[in-house]
Amino acid sequence: MNGLNSRALALIALRFAPLMLFVALCIVFGALSDRFLSLANFRNILAQSTHVAVMAIGMTFVLLVRGVDLSVGSVMYLVAVAMGLYLSGLPLALSIPAIVLIGAAFGAVNACFVTGLRIASFIVTLATLFIGRGFALYLSETKMVFQSDTVQTLGRSSFLAIPWAIWIAAAVACAAWVTLTQTPYGRQIYAVGADPDSAAKAGIRVQPIVFSVFCICGACAAIGALISVSQVGAAAATFGYQEEFPVIAAAVLGGTSLFGGRGGVFGSIFGAVLVQTTANGLVMLNADPYLYPLVNSLIIFIAAWVDGRRRLMTERIEQRKIRVEA
Amino acid sequence: MSDLLLKVAGLNKSFFGVQVLRDVGLELRRGTVLGLVGENGSGKSTTMNILGGVLTKDSGRVELAGEEVQPASSRDALALGIAFIHQELSLFPNLSVEENIFLDHFPKRGAGIPFIDRRRLRDQASKALELVDLKVSPTTPVMRLPQGERQLIEIAKALTRQARLIIFDEPTTSLTARETERLFEIIGRLRAQGISVIYISHILQDVMRLSDDIAVLRDGEVVGAGRREDFTVERLVTLMVGRSIDRLFPEREPSQGPGGAALSVRGLSQPGVVRDVSFELRRGEVLGVSGLMGSGRSELARILFGLDPYSEGEVRVAGERLPPLKPRLAMDRGVAFLTEDRRGEGLMMEASIADNIVLPSLVERSRGFIRWLDPAGLDQAARDMAERVRVNARAIDTAAARTLSGGNQQKVVIAKWLLRAPSIFILDEPTRGIDVGAKYEVYKIINTMVAGGAAILFISSEIEELIGMADRIMVMGRGEIRGFFERASFDRETLMSAALWQ
């Protein structure tokens, strides 16, 4: 009994490990920089983390069914290029649906390989990561792609004193939360992630579900691109480069398992804020830029480690149901 | 409407040119239980998978309530009212009870509205749980429920789909006696409600007790069918194996006065698991371990193999006192362990039979300082061993372990340990879920090992099996040893009461 309790405690501790990490980071950064703990900076962090948050929400869907999408950074760049070069004349009411469609279509390509040819999503999206960026670079001729005034205005303006980026992220989060928790489709995603074979036996259409989550992830990456590019105003050839790392790290730090079946929207948002807080803190401290990748990888490592431990422990708890005849 | 719910006629099915079902015919009346028995690989699962929409038939006719049906998926079968409760349950531990029950037909907030109606979900789930007498909250995650209750959830799920036919495939393998009793009671209730049941089990006593009709399959053919009254357990066994096994256990030369102690355990304790366990296992001896689930027998085995820790006591192998055990150390001292969970822990399901067999011997059988692998030698060793335990497979170097029947899988697990020529072999439920014929072969392998001087710790929940195989039986209960019994004083009643005695 004791063993079980201490294990349950350890599980809870692991669950809150990212939160403790967040608090610890805030204390360290706050102590070292007087600008860090200010309302303006906090607002800044929130605004900066919105695009990662939106993309991490999309990633959560894919991770829930045991997949991964490495191509989100390339989708970002492709969408930014398409917006700047071809959609700049359109009003936002048309261009936003258009880019969401582009993102979803890109996700559908990934999904075709994953569900149709049964190739591991890790490999498929590694390939489309290069294909997507390559294609976009071909379109942009590696030149800086400037965005229309409408897009740039979106990045600078607010509604009810809250930046549009946050409104968009909140809308995506709400839609995703409702989908995952309040619809049959959402609950079936969790079932597929827990055990795809059993899900098929339980009468769930597994392949269409797997297909759809990649589309959702692509669409979210497109929205992330819109938010990010509206804040920056232009997309350089490195726009969205390696963005998959903070996105996956955010989702996993937020408690979404790389092994499928566990996770949620709000965790991913929190993860995104945590990732952005680190980046922001390092800037505030004027840290050596060469240190950034080291710190980022450390955070990813912690996230993966916590996830692995949690899985191991939940498995043990599952196994160790000692059957006592009462 | 006729009394007949299901009529299967002339069913044929081949895999890769091997005919696994030959002209199978079955009939099932409304509100009755059909017991289906047969050895592993006799075609029971194939037949049921066709009914449940997992496989498609080559030819033949399946009629449900007089209409020909051809389910193409589990989903189709469910829509027809055929629910298939697999041996490994299709439940999702990360979802709640209610979500599991209604996973593919959630009540919605209205036509065309894609949202789950949580209140109706809870109400309907509560009603379904009442039908199977399960007193848990519908919002409990399935992760927290024991195996027996999970089975009831599967039944509740079938009931919410208005199942007319429920197929149970080996439902009791992971249930305690109490849970089994409860399951039988519910099957009786289903029957009273006019639901038909197909019950597949290797435990023939259960089949005799539950069924109205019985059908026996052998090598893909129905070799016997009729009312329960027409059968006896002995006749079922004869039909299943095609020859009369007058002895369920092979003859063994009584141990030529067992040798010295191979394994001696003194005062072994681990809080909450085992307490003050002392015994001696001699060379050339089969020491049976009996006890109810949760008596600590499997836990003891795990400790002896170094999988779990112990806080007090000593373990000696061949007289040498061992430091705290680790599996590697135990293996180096000649200990082998056959786990009770062969799917989860004993086999690499996707790897070939040969790869599975040589796995624990790779290091010992490699050559030179760099430990080069010796593919030809390994291959030969795997072949010899597969032949020795008589694994029934077409190609041991290419066929995946997953493709084997349960009995053959178990032989592969035994083979992989035998290759290390263990001097002490701990067998935890070596014959669980395998058929009579395969059991007999496992017993023969045990006898050969013992004749070669190995010591066997044989853990089993089937008392008959221990009585038939063991030289001595050690009874455990609540983590303690309740007593030792010599072969001369083996007696079902005495052993049972020793296990039950508080």
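Just so we're clear, the structure is a prediction, and the values are computed from it rather than from any experiment.

Criteria and cut-off values
- Residues numbered from 1 in each chain as written.
- Chains lettered and ligands numbered in written order.
- Predicted model: local features only at pLDDT ≥ 70, side-chain atom pairs only at ≥ 80, totals over all residues.
- Helix = DSSP H or I, 4+ residues; strand = E, 2+ residues; numbered from the N terminus.
- Rg over C-alpha atoms; globule rule 2.2 N^0.38 Å.
- Buried ≥ 20, exposed ≤ 12 C-beta atoms within 10 Å, placed from the backbone.
- Contact = placed C-beta atoms within 7 Å.
- Pairing = 2+ DSSP bridges.
- Axes fitted to C-alpha atoms, helices over the stretch in contact; angles between N-to-C directions.
- Nonpolar A, V, L, I, M, F, W, Y, C, P; charged D, E, K, R; others polar.
- pLDDT = per-residue confidence, 0-100.
- Domains from an automatic or database assignment.
- Parallel < 35°, antiparallel > 145°, perpendicular 65-115°, else oblique.
- Left-handed = near helix turned anticlockwise from the far one by under 90°.
- Core = buried A, V, L, I, M, F, W, Y, C linked by C-beta atoms within 7 Å.

Caption draft 1: Structural detail: the overall build of chain B. Summing up its helical and strand segments, chain B has 17 helices and 20 strands in all. Radius of gyration (C-alpha) of chain B: 25 Å, near the 23 Å computed for a compact globule of 502 residues. Along the three orthogonal principal directions, the C-alpha set of chain B runs to about 70 × 50 × 50 Å. Across the 502 residues in chain B, those meeting the buried criterion constitute 49%. Partitioning the contacts of chain B with sequence separation of at least 6, the portion at a separation of at least 24 is 68%.

Caption draft 2: Molecular detail of the sheet that holds strand β11 (residues 261-270) of chain B. All names here are of chain B. Read from one edge of the open sheet, four strands run β12-β11-β14-β15, paired in antiparallel fashion. Of all the strands in the sheet, the pair left with one neighbour each is β12 (274-282) and β15 (320-321). Sheet topology note: the β11/β12 ladder contains six bridges and is antiparallel. Within β12, the position partnered with A261 by the bridge is R282. Of the strands in this sheet, β11, β12 and β14 (312-317) touch helix α9 (residues 297-304), which is tilted by about 70° from β12.

Caption draft 3: Focus on the interface of chain B and chain A. Of the residues lining the interface, 25 residues belong to chain B; the matching set on chain A comes to 25 residues. Looking at the side of chain B that touches chain A, the elements with two or more residues in it are α2 (74-80) and α6 (177-192) of chain B. Per-class residue counts for the side of chain B that touches chain A are 14 nonpolar, seven polar and four charged.

Caption draft 4: A look at the confidence of the model for chain A. All names here are of chain A. Across chain A, the average pLDDT comes to 85, with 94% of residues at or above 70. No element of chain A has a lower mean pLDDT than helix α1 (residues 2-15), which averages 69, and none a higher one than helix α11 (residues 206-232), which averages 92. Within the model, the stretch residues 320-326 combines pLDDT values under 50 with 13 contacts to residues more than four positions away or in other chains.

Caption draft 5: Examining the domain arrangement of chain B more closely. Residue and element names in this part refer to chain B. For chain B, the assigned domains read domain 1 (4-241) and domain 2 (261-334 + 422-500). The interface of domain 1 with domain 2 comprises nine residues on the first partner and eight residues on the second. Of the residues contributing to the side of domain 1 that touches domain 2, the split by class is three nonpolar, four polar and two charged.

Caption draft 6: Structural detail: the packing of helix α3 (residues 39-64) of chain A against helix α13 (residues 265-284) of chain A. Residue and element names in this part refer to chain A. Relative to each other, α3 and α13 sit at 135°, their axes nearing to 7 Å. In terms of orientation, α3 and α13 fall into the oblique class. At the point where α3 passes α13, the crossing takes the right-handed sense. Of the residues in α13, those in contact with N41, N44, I45, L46, Q48, S49, V52, A53, A56, I57 and T60 of α3 are V265, S268, I269, G271, A272, V273, V275, Q276, T277 and N280. Split by residue class, the contact of α3 with α13 holds eleven nonpolar, ten polar and no charged.

Caption draft 7: Quick look at the nonpolar core. If you look at the biggest cluster of nonpolar residues, it comprises 162 residues, and the most contacted ones within it are V79 and A80 of chain A together with I166 of chain B. Ranked by the residues each element gives to this core, the list is headed by α11 of chain A, at 16 residues. Other than its neighbours up to four places away in sequence, V79 of chain A contacts I99, I102, G103, A222 and A225 of chain A.

Caption draft 8: Representation of unusual backbone geometry in the model. Residues and elements named next belong to chain A. Here T142, not a glycine, exhibits a phi torsion of approximately 60°, which is positive. Note that T142 resides in the loop between α6 (121-140) and β1 (145-146). The backbone of N286 sits at a positive phi, close to 55°, despite the residue not being glycine. Counting through the fold element by element, N286 comes out in the loop between α13 and α14 (292-319).

Caption draft 9: Structural detail: the sheet that holds strand β16 (residues 335-338) of chain B. Residues and elements named next belong to chain B. Read across the sheet, six strands follow the order β16-β17-β18-β13-β19-β20 without closing on themselves; strand pairing throughout is mixed. Both edges of this open sheet fall to β16 and β20 (480-486), since each of them pairs with a single strand only. Strand-to-strand twist in this sheet, taken as the mean axis angle between neighbours without regard to direction, amounts to 20°. Packed onto the sheet, α9 meets β13 (286-290), β16, β17 (424-428), β18 (455-459) and β19 (472-477) and runs at close to 145° relative to β17.

Caption draft 10: View of the environment of Q48 of chain A. All names here are of chain A. Counting through the fold element by element, Q48 comes out in helix α3. Under the C-beta neighbour-count criterion, Q48 is labelled buried, with 20 such atoms within 10 Å. In the structure, Q48 is positioned 139 residues away from R187 in sequence and 31 Å away in space, judged by C-alpha atoms. Leave out the neighbours within four places in its chain, and Q48 touches Q276 and N280.

Caption draft 11: A look at helix α12 (residues 244-253) of chain A. Residues and elements named next belong to chain A. Among the ten residues that make up α12, nine are buried, leaving the element largely enclosed by the rest of the structure. For α12, the complete set of buried residues consists of E244, P246, V247, I248, A249, A250, A251, V252 and L253. Backbone geometry just downstream of α12 places G255 in the positive-phi region, at approximately 100°.

Caption draft 12: Summary view of the pairing of strand β9 (residues 213-218) of chain B. Residue and element names in this part refer to chain B. Of all the six residues making up β9, five are buried; the element is thus mostly covered by neighbouring parts of the structure. Here five bridges tie strand β3 (residues 33-38) to β9, and the two strands are oriented parallel to one another. Counterpart to L36 in the pairing with β9 is A215. Remark: two residues form the turn of the hairpin made by β9 and strand β10 (residues 221-227), two consecutive strands paired antiparallel; D219 in that turn has positive phi of roughly 50°.

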